[in-house]
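What the coordinates show
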Amino acid sequence: MATHLSYGRVNLNVLREAVRRELREFLDKCAGSKAIVWDEYLTGPFGLIAQYSLLKEHEVEKMFTLKGSRLPAADVKNIIFVVRPRLELMDIISENVLSEDRRGPARDFHILFVPRRSLLCEQRLKDLGVLGSFIHREEYSLDLIPFDGDLLSMESEGAFKECYLESDQTSLYHAAKGLMTLQALYGTIPQIFGKGECARQVANMMIRMKREFTGSQNSIFPVFDNLLLLDRNVDLLTPLATQLTYEGLIDEIYGIQNSYVKLPPEKFAPKKQGDGGKDLPTEAKKLQLNSAEELYAEIRDKNFNAVGSVLSKKAKVISAAFEERHNAKTVGEIKQFVSQLPHMQAARGSLANHTSIAELIKDVTTSEDFFDKLTVEQEFMSGIDTDKVNSYIEDCIAQKHPLIKVLRLVCLQSVCNSGLKQKVLDYYKREILQTYGYEHILTLHNLEKTGLLKPQTGGRNTYPTIRKTLRLWMDDVNEQNPTDISYVYSGYAPLSVRLAQLLSRPGWRSIEEVLRILPGPHFEERQPLPTGLQKKRQPGENRVTLIFFLGGVTFAEIAALRFLSQLEDGGRSKETYR
Amino acid sequence: MNRTKGDEEEYWNSSKFKAFTFDDDDDELSQLKESKRAVNSLRDFVDDDDDDDLERVSWSGEPVGRRTRPGSFQSLSDALSDTPAKSYAPELGRPKGEYRDYSNDWSPSDTVQRLRKGKVCSLERFRSLQDKLQLLEEAVSMHDGNVITAVLIFLKRTLSKEILFRELEVRQVALRHLIHFLKEIGDQKLLLDLFRFLDRTEELALTHYREHLNIQDPEKRKEFLKTCIGLPFSAEDSAHIQDHYTLLERQIIIEANDRHLESAGQTEIFRKHPRKASILNMPLVTTLFYSCFYHYTEAEGTFSSPVNLKKTFKIPDKQYVLTALAARAKLRAWHDVDALFTTKNWLGYTKKRAPIGFHRVVEILHKNSAPVQILQEYVNLVEDVDTKLNLATKFKCHDVVIDTCRDLKDRQQLLAYRSKVDKGSAEEEKIDAILNSSQIRWKN
């Protein structure tokens, strides 16, 4: 059991167990010894659900990564391919199957599609002549994966592209299915709010799916009071800005995947005396980051500038604790001290890791370039000079900084200006194409299609209205002891979170005008509950809201939501959909 | 009817027939079209005892228990393709439940339900256009991608291109799905036809252009790019596409020429700085840098000269100067750097000017380890005093610091800087001389 999943208002271990059970059932279906061939992309998310020990219990003896040509030798009865439904993977699988050594003992093949089977994929396998080789061919609907006590994710990397670039609804269907699973385990959610086209679609699908399941009424007492569905493209600004929370910065600089981060090893090499630095580790240091680690839970959502003082206080506390050994005189006292040692050592190790990470981050945040970039971002977000070519951006292009950095900045400028003046846009486009290559005509076209970088149409910049009405830019931000969600970007309050905040108090009716400017419809739906299950909140007990971002969420937004939770003392579970 | 359904449910839930492959069924049905009634009458000949055997038949028709080897699937895929099958006799190999499929008329909505559950289902019965469209509508309202794809595959096969396009034009969801599906299976031709039909000209142009990324051979890619010129891009993009073609055309010539020069071993620049990579498919600015590095002195007439590139691609002064500076600085060709910024005014005096700030020049020079004297000269040209002082201090251009402090009449700063210079050096003497000068009215 993953204890950190039970900490929040909602016990996500229930979901995790349900998901594990399904996996066990499939493994048992393929009776006998087995080897699993993994689609590399899935190993991360699966790692959050089941460790190798669970697989071993079900006779999984070997595990391989999906690769071309022949499968490695393994004395097992079954080979199970666990893959996403992607055509190119089908090609690799068929290579594996076709190059099977017939001289060796025969092995049974099975395939598990995650999260869904695909007609096209099975067609491909058929065309390649291997479809019939598989005995069990099933889907494992791993839609929502618990990441932490208040966080779930679909880890659907193509979701934003599919939803907003290609207007393809497949990922939305998965989202709806995931929500149905949640409702089956945690009860029907009585109220659904939403903003955006995709949100509307998901709500419609949910309602339709519920209708189809009539007959078996859900008798579980509802855990969630509300569901808020938000399209990512309602707030394109937030993901473009540089996150400034501790966890946000780790993600910006090193990237957090499935709660893991890979860090440069030099900083984490154990200091051995007299070793002189030989045998430095060359492999990246991999750390898991979730609320199971006490210190991390404390600092992850803080603005980075407030982390230093927490770490130094912690250092003092831990030092003092270790000093206690001098005070332990009696056998009883010594025994007590020794029993606490493992906890203290873990705390000390945790402190050492995060001190190193904080140092690494500080190297970046104190650099001149970081300061210049942040200045430009904040100018844009507060509405300054968004209508002309920015010289810092020009310099970045001239020095050929990473394209993603340049694109984030020009898109940020575009969003804060409701689109760029044609001249300005053409200028940037030209510079980008000449510096990074003409093939980026395609990149720029895609950005325009999603609304991230586009010409100004209609001549009016609506961003100032949105900014002022929703109070997105707060001049007097307190990073150490924040009073408002704007601390996560040191001044900018994430639009998406502001919407969630205003929904709960005083309600969206107060911001009708702004909602009309933002893309997509906004709506409210009620799902009837059987009498007896209707919730009556005790005085002082706050509502539990499930917020679903359709298209991805940033760590900074999660931090802001957690902050809101604390403010209102209400429970918010966040779901992301990446 | 209900009991039949119940039997079938049980069958489907217990058998190994988990796949749904429509071509599979369609093919058999097209064979059985005439013998539909015959098939139905066969039902009477199949009694319950046979069910046991049938249930253990794998979907390929071969009894389970025998090792299924890859080799034997050649005939299987033949059987399942659209070409007429061999001696595979589905009517006898099929379990009892199957026949009911052929005789019953599942409505579009029922069909779609069955498809969603992954059950084998024939779509051939939907003959008329109206039936097909109704089936599509049902599939779309279900939102299930697999079902929509299945129906689209069927429509793609049984409708003419024009009718398919015409009908989908007014059905946005299905249309988007078809586009996604065509992209996924790589049916470029049909995709382009579709865009042409929908008059989505810009998308047509971009989709066609995207193909160039799949062409590795430079000559072929160049020829392909040529076909992109004149496509309905926006005016701005059309110019860029033209440039892309021209650039690759030039790069091919330069590459061939330079490779020849390099192997001949006679040209100094190539001997001293052997090329690390080919210039093909590099962005324009990179190409300009390369040209400023290896072909700086060439006259405008050659394709490889920087001036030619500047003119052909209308590279603005700013970009040109920056790139040339970077290239010459890398080669430590300080005279060339000088010449870049020197202009003669009408009186014949030389003056230094730059379309980019001199602070940028200084940074680039420093990055290339320019000697202090050179750095100093350019730091002096920085207009903003604070920036000048900052850079001078950063890069240890002592004279500039000293002179600037003197000009600013900033005694404190000069004193502070004194401790940074070497003891007994000329700079220290200079500072002392200035500090002791009675002519300066210090402000602090």
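For the structure, see preceding data.
I will try to describe carefully the structure that is included in this document. Note that the structure is predicted; figures quoted are calculated from it, not measured.

**Quick word on a negative patch on the surface**
Residue and element names in this part refer to chain A. Taken together, the side chains of Glu22, Glu25, Asp28, Glu59, Glu61 and Asp75 define an acidic patch exposed on the protein surface. With 3 residues, helix 1 (residues 13-29) is the single largest residue contributor to the negative patch. Locating Glu22 in the fold gives a position in helix 1.

**What about the packing of aromatic side chains?**
Given two aromatic rings, their pairing is described by the distance between the two centres and the angle made by the two planes. All names here are of chain B. Under the definition given, this model contains 20 aromatic pairs over all chains. Centroid distance Phe341 to Tyr378: 5.8 Å. Interplanar angle 65°. Geometry classified as edge-to-face. Residue Phe341 is located in helix 21 (residues 334-341), and its partner Tyr378 is located in helix 23 (residues 372-380); the two are separated by 37 residues in the primary sequence. The same class applies to Phe341 and to Tyr378, which are both buried. A ring pair is formed by Phe358 and Tyr378, whose centres lie 6.2 Å apart and whose planes are at 35°; its orientation type is tilted.

**A word on the sheet that holds strand 12 (residues 285-288) of chain A**
Residue and element names in this part refer to chain A. Across the sheet, which stays open at both edges, the 3 strands sit in the order 10-11-12 with antiparallel pairing between neighbours. Each edge of the open sheet carries a strand with a single partner, namely strand 10 (256-257) and strand 12. When strand 11 (residues 260-263) meets strand 12, the two strands line up antiparallel, connected through 4 bridges. Bridge pairing in strand 12 links Tyr260 to Gln288.

**Quick notes on the sheet that holds strand 5 (residues 134-139) of chain A**
All names here are of chain A. Spatially, 5 strands are ordered 2-1-3-4-5 in an open sheet, and the strand pairing comes out parallel. Where the open sheet ends on each side, the last strands, each with one partner, are strand 2 (60-65) and strand 5. Averaged over all neighbouring strand pairs, the angle between strand axes comes to 20°, with direction disregarded.

**Things to note about the pattern of salt bridges**
Close approach of charged atoms allows side chains of opposite charge to pair. Evaluated as defined, the whole model comprises 58 salt bridges over all chains. A salt bridge links A:Glu139 to A:Arg116, with the nearest nitrogen and oxygen atoms 3.9 Å apart. On the criterion of sequence distance, the pair formed by A:Glu139 in strand 5 and A:Arg116 in the loop between strand 4 (108-113) and helix 5 (119-127) is long-range, its members being 23 residues apart. Taking the relative accessible area as the measure of exposure, A:Glu139 reaches 28% and is therefore partly exposed. A:Asp395 is the partner of B:Arg360 in a salt bridge, and the nearest nitrogen-oxygen pair spans 3.0 Å. Of the two residues, B:Arg360 sits in helix 22 (residues 358-367) while A:Asp395 sits in helix 15 (residues 391-398), which places them in two different chains. Owing to a relative accessible area of 6%, B:Arg360 belongs among the buried residues under this scheme. On the basis of relative accessible area, A:Asp395 is assigned to the partly exposed category, the value being 27%.

What counts and what doesn't
Residues numbered from 1 in each chain as written. Chains lettered and ligands numbered in written order. Predicted model: local features only at pLDDT ≥ 70, side-chain atom pairs only at ≥ 80, totals over all residues. Heavy atoms only, no water. Patch = residues over 30% accessible without salt bridge, like charges linked within 9 Å, V, L, I, M, F, W, Y side chains within 5 Å. Areas by Shrake-Rupley, 256 points an atom, 1.4 Å probe, with all protein chains shown as cover. Salt bridge = Lys/Arg side-chain N within 4 Å of Asp/Glu carboxyl O. Lys, Arg positive; Asp, Glu negative; His and termini not counted. Charge placed at Lys NZ, Arg CZ, Asp CG, Glu CD. Helix = DSSP H or I, 4+ residues; strand = E, 2+ residues; numbered from the N terminus. Phe/Tyr/Trp six-rings, centres within 6.5 Å; stacked < 30°, edge-to-face > 60°. Buried < 20%, exposed > 50% of the residue type's maximum accessible area, 1.4 Å probe, protein only. Pairing = 2+ DSSP bridges. Axes fitted to C-alpha atoms, helices over the stretch in contact; angles between N-to-C directions.

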